[in-house]
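The residues making up each chain are set out below.
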Amino acid sequence: MSHNDSAIKADTPPRPAVSRADFLAALYDKADLALLLEIRCIHPISEKTRVRWTPIGDRRRLAINLRQADIFNKEGYSELFAPCLRRERKGTAEAAAIVPALWVDIDCADDPKQRSGALERLHNFEPAPSIIVDSGGGWHAYWLLDQPFELRDDAARQHIASILHGLFAVVGGDEDYARSVASLMRLPNTVNTKPERGGVVATVIEFHPERRYALAAFEWLAVRSGGSNGKLPPVQSGNGHAPLPQVTLDYLSKGAEQGRRNRALFDAACQFRDAGYSQSEAEAQLIPRHVMDGHGSENPAAREREARSTIASAYHQPPRDPLGGQDARQVIDQLASQFGAKKQ
């Protein structure tokens, strides 16, 4: 028996027959037809990545690319897509053009009690989700917007990231998910190829395309921070630690350019170590930053392992006297106040 079968009996209503075409049409029916849909297939073991780009209005090309992606899925690749259509063939936050919906990924670790509780939270949330997908290990939910939100600049990207951050917090979303306009979700009607999922198929269980909301309905969720270019906002505790230097705070909010990313991560890890943060506290802040600095062709899982290794290397060395200063302390206090951060 698959996990889907057990889920139907345990905590979900009978599934409506919703095709992948229905799902994509609900998301993108108001989008500019020239914008690009990114379909990214990632092998969970070999970490090989295959990317397909399709103008959302080109139905023939979309059908071809979906068939190709389905072949990769049968070969063991996870079949993922970017909710935010791209203006160019790059899987970065800067390339994201529009936001057709808000979304959340809730990981329940195959625990029936967690699944039931998470689904209840989604049902109790207002406004109600437009679409709920059984991902195999948990739930994916989408709230369709009445009009696509255009990502014209860094401020717009950061605004959506801040709302996603708040939405994930309120409904209990996956803490390891990178809440960004560059993020990926699993395509419905594809096999979840993670070895522990047992071949379960991601399936739409609730479909209400008539439920469409103004972005203003979600403004209360926004978590404010300094500009982070549409990526996960940094959270600092500041409790009992020496202040971090401004260069580290800048790295947390803006990331590092290609060619300096590993060095910038190592330097930031050293500053966390010197300021008295534990290795786990540093990982909680620095791993999402490093993952989000990756380009579209890079595997997020590989970047996470790379980040853990780099941080561990920094923590294997003895701490130095911390840098810092009044400006850094003020920023720390401000971030802690804004995010209501708690000690990891």
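For the structure itself, look to the data block above.
Along each chain, the written sequence defines residue order, and numbers are assigned to residues from 1. At least 70 in pLDDT is required for a residue's local features to be given in this predicted model, at least 80 for side-chain atom pairs to be given and counted, and no such filter applies to totals for whole chains, interfaces and linings, which use all residues. Heavy atoms from the whole structure form the basis of all side-chain values; hydrogens and water molecules are not counted.

## With respect to empty space enclosed by the protein
Both cavities and pockets are sets of points on a 1 Å grid over the protein atoms alone; in a cavity a 1.4 Å probe fits but cannot get out, in a pocket the set is open with protein on both sides within 12 Å along at least five of seven lines, and lining residues sit with an atom within 4 Å of a point. Grid points are joined across faces, edges and corners, and a volume is the space filled by probe spheres set on the points. Per the counting criterion, the structure on display carries two cavities of 30 Å³ or more. Computed from the structure, the second largest cavity encloses a volume of approximately 40 Å³. Tallied by class, the residues present in the lining of the second largest cavity amount to four nonpolar, no polar and three charged. Residues are grouped as follows: nonpolar covers Ala, Val, Leu, Ile, Met, Phe, Trp, Tyr, Cys and Pro; charged covers Asp, Glu, Lys and Arg; every other residue, Gly included, is treated as polar.

## Some thoughts on the packing of aromatic side chains
Pairing of aromatic rings covers Phe, Tyr and the six-membered ring of Trp, with a centre-to-centre limit of 6.5 Å; geometry is then stacked below 30 degrees between planes, edge-to-face above 60, and tilted otherwise. Applying the stated rule across the entire model yields seven aromatic pairs. The interplanar angle of 85 degrees and the centroid separation of 5.7 Å between the aromatic rings of Phe23 and Phe81 together place this pair among those described as edge-to-face. A residue pair is termed long-range when its members are at least 10 positions apart, and Phe23 in helix H2 (residues 20-28) and Phe81 in strand S3 (residues 78-81) qualify at 58 residues. Summarising the burial analysis for this pair, Phe23 and Phe81 share the class buried. Ring geometry for Phe72 against Tyr77: centres 5.6 Å apart, planes inclined by 50 degrees, an arrangement best described as tilted. When a residue's accessible area, from a 1.4 Å probe over protein chains only, is under 20% of the maximum for its type it is buried; when over 50% it is exposed; and in between it is partly exposed. Classification of Phe72 as buried rests on a relative accessible area of 9%. When its relative accessible area of 5% is taken as the criterion, Tyr77 is described as buried. An aromatic cluster is built from Phe23, Phe81 and Tyr142, whose rings are joined through pairwise contacts. Over the ring of Trp139 we find Arg115, and its NZ or CZ is 4.4 Å from the ring centre. Here a helix means four or more residues in a row that DSSP labels H or I, a strand means two or more in a row labelled E, and each is numbered from the N terminus. For a ring to carry a charge above it, either NZ of a lysine or CZ of an arginine must fall within 6 Å of the ring centroid while also lying within 35 degrees of the normal to the ring plane.

## Describing the side chain of Arg86
Turning to its location among the elements, Arg86 is positioned in the loop between S3 and strand S4 (98-107). Residue classification places Arg86 among the buried positions, given a relative accessible area of 0%. Two N or O atoms form a polar contact when they lie within 3.5 Å of each other; inside protein one atom must be a possible hydrogen donor and the other a possible acceptor, and for residues adjacent in sequence the pair counts only when both atoms belong to side chains. One polar contact links the side chain of Arg86 to the main-chain carbonyl oxygen of Cys84, over a distance of 3.3 Å. Here the side chain of Arg86 touches Val181 through a polar contact of 3.0 Å, landing on its backbone oxygen. Pairs of residues are marked as contacts when any of their non-hydrogen atoms sit within 4.5 Å. With near-sequence residues (within four places) excluded, Arg86 lies in contact with Leu35, Leu36, Glu38, Trp53, Gly91, Thr92, Ala95, Ala96, Ala97, Val181, Ala182 and Ser183.

## A word on the nonpolar core
One broad rule of soluble globular proteins: the nonpolar side chains tend to lie buried together. Side-chain atoms within 4.5 Å are what join buried Ala, Val, Leu, Ile, Met, Phe, Trp, Tyr and Cys residues into a set we call a nonpolar core. Core analysis: the biggest nonpolar cluster contains 67 residues, and Leu102 and Trp143 have the highest contact counts within it. If we ignore the near neighbours within four places in the chain, the residues touching Leu102 are Ala141, Tyr142, Trp143, Leu145, Ile163, Leu164, Leu167, Leu215 and Phe218. Leu265, Cys270, Ala275 and Ile287 belong to the second-largest nonpolar core, a separate cluster that totals 22 residues.

## Some remarks on a positive patch on the surface
For patch building, the residue pool is restricted to those with more than 30% relative accessible area and no salt bridge; the joining distance is 9 Å between like charges and 5 Å between nonpolar side chains (Val, Leu, Ile, Met, Phe, Trp, Tyr). A 1.4 Å probe and the Shrake-Rupley method give the accessible areas. Residues count as covered only by the protein chains that appear here. Note on definitions: salt bridges are taken to be side-chain nitrogens of Lys or Arg within 4 Å of carboxyl oxygens of Asp or Glu. The charge count includes Lys and Arg as positive and Asp and Glu as negative, but it does not include His or the ends of the chains. Here the site of a charge means atom NZ of a Lys, CZ of an Arg, CG of an Asp or CD of a Glu. Taken together, the side chains of Arg60, Arg61, Arg67 and Arg89 present a region of like positive charge at the surface. Considering the arrangement of structural elements, one finds Arg89 in the loop between S3 and S4.

## Section: the packing of helix H7 (residues 261-274) against helix H9 (residues 300-315)
The geometry of H7 relative to H9 is characterised by a closest axis approach of 9 Å and an angle of 45 degrees between their N-to-C directions. Relative to H9, the element H7 is oriented oblique. Seen along the crossing, H7 lies across H9 with a hand that is right-handed. Residues Arg261, Asn262, Leu265, Phe266, Ala269, Cys270, Phe272 and Arg273 of H7 lie in contact with H9, whose contacting residues are Arg303, Glu306, Ala307, Thr310, Ile311, Ser313, Ala314 and Tyr315. The class makeup of the residues in the contact of H7 with H9 is nine nonpolar, three polar and four charged. Inter-axis angles, ranging from 0 to 180 degrees, are taken between N-to-C directions of lines fitted to C-alpha atoms, where helices are fitted over the stretch in contact. For classification purposes, angles smaller than 35 degrees are called roughly parallel, those larger than 145 roughly antiparallel, those between 65 and 115 roughly perpendicular, and all remaining angles oblique. Crossings are sorted by hand: turned counterclockwise from the far helix by less than a right angle, the near helix makes the crossing left-handed, and turned clockwise it makes it right-handed.

## Points about the pairing of strand S6 (residues 138-150)
In regular strands, side chains alternate between the two faces of the sheet. A pair of strands is labelled paired if DSSP reports no fewer than 2 bridges between them. Pairing geometry for S4 and S6, over nine bridges, is antiparallel. Bridge pairing in S6 places Ala101 opposite Leu144. In this sheet, S6 lies alongside strand S5 (residues 131-134) in antiparallel orientation, the contact comprising four bridges. The residue of S6 that forms the bridge with Val133 is His140. Hairpin connection, S5 to S6: the antiparallel pair is bridged by three residues, and Gly136 has positive phi, about 105 degrees. Inspection of the sheet shows S6 paired to strand S10 (residues 212-213) by two bridges, in the parallel sense. Each residue of the ladder has a partner; that of Leu145, found in S10, is Tyr213.

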